[in-house]
Amino acid sequence: FIESIIEFVDTQVKDTFPGRNPLIAPLALTIFVWVWLMNFMDLIPVDLLPLIASWFGIHYLKVVPTTDLNTTLAMSLTVFALIIFYNIKIKGPMGYLKTFLFHPFGKFLVPVNIVMTAIEELAKPLSLALRLFGNLFAGELVFLLIALLSGATAIGLGLLIMFPLQVVLDLAWLIFHVLIITLQAFIFMVLTIVYLGMAHTEEH
């Protein structure tokens, strides 16, 4: 299983990343596995870990790290720092500066180029962070809403109807959510490879 994951990530790097950098494949593997494991915590029953934490005096526990914007933004800013580092390393300080001055409209619209390229660069960490956060936060909210179905119903006939419905909905969303958490980890990994690949090319 581990070997298949390593081969999968290695194939993605070979197909997406131009040239060779010994950091990229281990970084991609780390991101994929780390993000997937953090996302997977969403599949633990929503009230189980907070209940256990309450026994130890912790009355508020947010279990899934990727439903917190601080986590996703910290990871995306780390990737962004690597993007800037490799842009300067490969293109040189002046080469990187030229991408701001002369891209995409050439030397006659330098002020517009600076604004457009700055927005393009800042969109990279924001898109990485907000996409992962938004999808996982929405998924956790759906789990919470499903959990409240029978919890808000008084014991009686309503519970006999709502509890089976809750079980069916929870199972259906859980199966679908396995695909979501895997897809989000994959997207974060692939975009990291693509952005770092763009930093390694001489042309913008």
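Residues numbered from 1 in each chain as written. Predicted model: local features only at pLDDT ≥ 70, side-chain atom pairs only at ≥ 80, totals over all residues. Heavy atoms only, no water.

**Q** Explain the overall build of the chain to me, using residue names and the numbers behind them.
**A** Looking only at helices and strands, one finds six helices and zero strands in the chain. Listed by position from the N terminus, the elements making up the chain come as α-α-α-α-α-α. At 22 Å, the chain has a C-alpha radius of gyration far larger than the 17 Å of a compact globule built from 204 residues. Overall, the C-alpha framework of the chain stretches about 75 × 40 × 35 Å when taken along its three principal axes. When the 204 residues of the chain are sorted by exposure, 32% land in the buried category. Across the chain, the fraction of contacts at a sequence separation of at least 24, relative to all contacts at a separation of at least 6, is 71%. (Helix = DSSP H or I, 4+ residues; strand = E, 2+ residues; numbered from the N terminus. Rg over C-alpha atoms; globule rule 2.2 N^0.38 Å. Buried < 20%, exposed > 50% of the residue type's maximum accessible area, 1.4 Å probe, protein only. Contact = heavy atoms within 4.5 Å.)

**Q** Tell me about the packing of helix 1 (residues 2-16) against helix 2 (residues 24-40), and name the residues and values.
**A** Pairs of packed helices are described in terms of their axes, by the angle between the two and the distance that separates them. Running from amino to carboxyl end, helix 1 crosses helix 2 at an angle of 125°, the nearest separation of the two axes being 9 Å. By the angle between their directions, the pair helix 1 and helix 2 is classed as oblique. The hand of the helix 1/helix 2 crossing is right-handed. Of the residues in helix 2, those in contact with Ile5, Ile6, Phe8, Val9, Asp10 and Val13 of helix 1 are Ile24, Ala25, Ala28, Leu29, Phe32 and Val33. When its residues are assigned to classes, the contact of helix 1 with helix 2 shows 11 nonpolar, no polar and one charged. (Axes fitted to C-alpha atoms, helices over the stretch in contact; angles between N-to-C directions. Parallel < 35°, antiparallel > 145°, perpendicular 65-115°, else oblique. Left-handed = near helix turned anticlockwise from the far one by under 90°. Nonpolar A, V, L, I, M, F, W, Y, C, P; charged D, E, K, R; others polar.)

**Q** Residues and numbers for the packing of aromatic side chains, please.
**A** Counted by the stated rule, this structure contains eight aromatic pairs. Taken together, a centroid distance of 5.7 Å and an interplanar angle of 35° make the contact between Phe8 and Phe186 tilted. Here Phe186 lies in helix 6 (residues 157-199) and Phe8 lies in helix 1, a separation of 178 residues in the sequence. Assessed through its relative accessible area of 33%, Phe8 is described here as partly exposed. Of the residues examined, Phe186 reaches a relative accessible area of 26% and is grouped as partly exposed. Seen from their ring centres, Phe85 and Tyr86 are 5.0 Å apart, and the 75° between their planes marks the pair as edge-to-face. Judged by relative accessible area, which is 7%, Tyr86 ranks as buried. (Phe/Tyr/Trp six-rings, centres within 6.5 Å; stacked < 30°, edge-to-face > 60°.)

**Q** How would you sum up the side chain of Thr67? Please name residues and give values.
**A** Structurally, the position occupied by Thr67 is in the loop between helix 3 (48-55) and helix 4 (69-102). Of the residues examined, Thr67 reaches a relative accessible area of 2% and is grouped as buried. Among the polar contacts listed, one links the side chain of Thr67 to the backbone oxygen of Val64, at a separation of 2.7 Å. Ignoring anything within four residues of it in the chain, the contact list for Thr67 reads Lys62, Phe133, Leu136, Phe137 and Glu140. (Polar contact = N/O pair within 3.5 Å; in protein donor to acceptor, adjacent residues only side chain to side chain.)

**Q** Just give me the short version of the packing of helix 2 against helix 4, but keep the residues and values in it.
**A** As a packed pair, helix 2 and helix 4 sit with axes 13 Å apart at the nearest point and diverge in direction by 175°. By the angle between their axes, helix 2 is roughly antiparallel relative to helix 4. Along its contact with helix 2, which presents Leu27, Ile31, Trp34, Val35 and Met38, the element helix 4 presents Thr71, Met75, Val79 and Leu82. Among the residues forming the contact of helix 2 with helix 4, the class breakdown is eight nonpolar, one polar and no charged.

**Q** Explain the environment of Pro26 to me, and be specific about the residues and the numbers.
**A** Mapped onto the elements of the fold, Pro26 is located in helix 2. Sequence separation between Pro26 and Asp10 is 16 residues; the distance between their C-alpha atoms is 8.8 Å.

**Q** Hey, could you go over the environment of Ile31 for me, with residue numbers and the actual values?
**A** When you line up the elements, Ile31 lands in helix 2. Sequence separation between Ile31 and Val190 is 159 residues; the distance between their C-alpha atoms is 9.6 Å. Once residues lying within four places of it in the same chain are set aside, the contact partners of Ile31 are Trp36, Val79, Phe188, Met189 and Thr192.

**Q** Outline helix 1, listing residues and values.
**A** Between its first and last C-alpha, helix 1 extends 21 Å over 15 residues, near the 21 Å set by a 1.5 Å rise per residue. Of the positions making up helix 1, those classed as buried are Ile5, Val9, Gln12 and Val13. Angular distribution of buried residues about the axis of helix 1 spans 95°; they occupy a single face of the element. Away from the buried face of helix 1 by more than 90 degrees, exposed residues Glu3, Lys14 and Asp15 are located. (Expected span 1.5 Å × (residues − 1). Arc of directions from axis to C-beta.)

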